[in-house]
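A look at the structure
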Amino acid sequence: ADPAIPVLEATMSELSGPAYSVTFGAGDRVLAAATTAGEALVWTLADPTHPVLASTIEAGQSYSFAVTISPDGRQLAVAGADREIRRWDIVDPAHPVEIGSAIGGPANDVYWLDYSTDGRLLAAASTDRNVWLWDVGDPARPVLYATLGQAAASLYVARFDPSGRTIAAGGADHRVHQWLTDPADARDRICATVGTPLTEQEWQVYLPGQPYDPPCG
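Quick summary incoming for the structure in this document. (Residues numbered from 1 in each chain as written. Predicted model: local features only at pLDDT ≥ 70, side-chain atom pairs only at ≥ 80, totals over all residues. Heavy atoms only, no water.)

**So, the overall build of the chain**
Of the regular secondary structure elements, the chain holds two helices and 15 strands. In terms of overall dimensions, the chain has a C-alpha envelope of 70 × 40 × 35 Å along the principal axes. Burial status across the chain gives 40% buried among its 217 residues. In the chain, once contacts between residues fewer than 6 apart in sequence are set aside, the share between residues at least 24 apart is 38%. Summing over all exposed atoms, the chain offers an accessible surface of approximately 11900 Å²; the carbon and sulfur share of this is 52%. (Helix = DSSP H or I, 4+ residues; strand = E, 2+ residues; numbered from the N terminus. Buried < 20%, exposed > 50% of the residue type's maximum accessible area, 1.4 Å probe, protein only. Contact = heavy atoms within 4.5 Å. Areas by Shrake-Rupley, 256 points an atom, 1.4 Å probe, with all protein chains shown as cover.)

Structure representation (structure tokens):
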């Protein structure tokens, strides 16, 4: 194929509302879309010119804006205006199985979801001006990992870098924000810029009675 002459392979028309997000998964053998009808549609692409609608998932109580598939292709996550993230096991795309309960936390609409490269962290960009991170290493028991703020307005997109150790987000404040996701990396970055570590004498002045253990020592 010539990139200068793109060829339309297929058009899927089974959607019940406008699509806000699409994503590939499982080595580009699956395609998913989230729509304002509160649904997620999953197609299989054994023949990319003839996509087959494998399932339509009732994904939420309101508009679904965001959809993503885990790097191993096993999990589909969807979120939107109901402020909750729901996940399904799509090993068999024709028979998705919901994973655990809906994940709450965001105080406003969720517009973007992304998994880290190793699939351990799930990020959500919300119009509450935060990026929410959950540890989904145990899919049935997601744990809030961090809430990343500092944006002055709604956030609409968030993406991990290929290493999974940095995440960037952007939105209505006309800025792109970037955070380290590994606490050890963040500590090292801070310690590299703060100057001389506390001496033992200074430690006893500010933290009397506490064992000497400077974070940048």
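**Some remarks on the environment of Tyr115**
In this fold, Tyr115 is placed in strand 9 (residues 110-115). Linking Tyr115 and Ala146, residues 31 residues apart in sequence, is a C-alpha distance of 14 Å. Filtering out sequence-adjacent residues up to four positions away, Tyr115 remains in contact with Thr68, Ile69, Ser70, Pro71, Gln75, Ala77, Arg87, Leu121, Leu122, Val136 and Phe160. A polar side-chain atom of Tyr115 sits 3.2 Å from a polar atom in the side chain of Gln75. (Polar contact = N/O pair within 3.5 Å; in protein donor to acceptor, adjacent residues only side chain to side chain.)

**A few points about the pairing of strand 14 (residues 166-171)**
Relative to strand 14, strand 13 (residues 155-160) is paired through five bridges, and the arrangement is antiparallel. From the neighbouring strand, Ala158 faces strand 14, where its bridge partner is Ala169. Here strand 13 folds back onto strand 14 in antiparallel fashion, the turn holding five residues, of which Gly164 has a positive phi close to 80°. Examined bridge by bridge, strand 14 and strand 15 (residues 176-180) share five bridges and lie antiparallel to one another. Across the sheet, Ala168 pairs through a bridge with Gln178, a residue of strand 15. Taken together, strand 14 and the strand that follows it, strand 15, pair antiparallel across an intervening segment of four residues, in which His174 is found at a positive phi of about 65°. (Pairing = 2+ DSSP bridges.)

**Digging into the packing of aromatic side chains**
For the structure on display, the rule yields five aromatic pairs. Considering the side-chain rings of Tyr63 and Phe65, the 5.8 Å spacing of their centres and the 85° angle between planes classify their relative orientation as edge-to-face. For Tyr63, a relative accessible area of 44% gives the class partly exposed. Feature note: the residues Tyr20, Tyr63, Phe65, Tyr111 and Tyr156 constitute an aromatic cluster, connected by ring pairs. (Phe/Tyr/Trp six-rings, centres within 6.5 Å; stacked < 30°, edge-to-face > 60°.)

**Overview of the nonpolar core**
In terms of nonpolar packing, the biggest core is built from 14 residues, with Leu76, Val78 and Trp88 touching the most fellow members. Secondary-structure elements contributing two or more residues to this core are strand 2 (30-35), strand 3 (39-44), strand 5 (64-69) and strand 6 (75-80). For this core, the leading source of residues is strand 2, giving three residues. Sequence-distant contacts of Trp88, defined by excluding residues within four places in its chain, comprise Ile57, Glu58, Ala59, Arg74, Gln75, Leu76, Val78, Pro96, Val97, Glu98 and Ile99. (Core = buried A, V, L, I, M, F, W, Y, C linked by side-chain atoms within 4.5 Å.)

**Notes on the sheet that holds strand 14**
Sheet architecture is open: three strands sit in the order 13-14-15, paired in antiparallel fashion. Looking at which strands have only one partner, the edges of the open sheet turn out to be strand 13 and strand 15. Here the average twist between neighbouring strands, direction ignored, is 20°. (Axes fitted to C-alpha atoms, helices over the stretch in contact; angles between N-to-C directions.)

**Notes on the pattern of salt bridges**
For the structure on display, the rule yields five salt bridges. Through salt bridges with shared partners, a single network forms among Asp82, Glu84 and Arg86. (Salt bridge = Lys/Arg side-chain N within 4 Å of Asp/Glu carboxyl O.)

**Looking at the sheet that holds strand 6**
Taken in spatial order, the four strands make up an open sheet running 5-6-7-8, and their pairing is antiparallel. Of all the strands in the sheet, the pair left with one neighbour each is strand 5 and strand 8 (97-98). Here strand 6 pairs with strand 7 (residues 85-89) via five bridges, running antiparallel. Across the sheet, Ala77 pairs through a bridge with Arg87, a residue of strand 7.

Geometric values such as these leave the question of function open.
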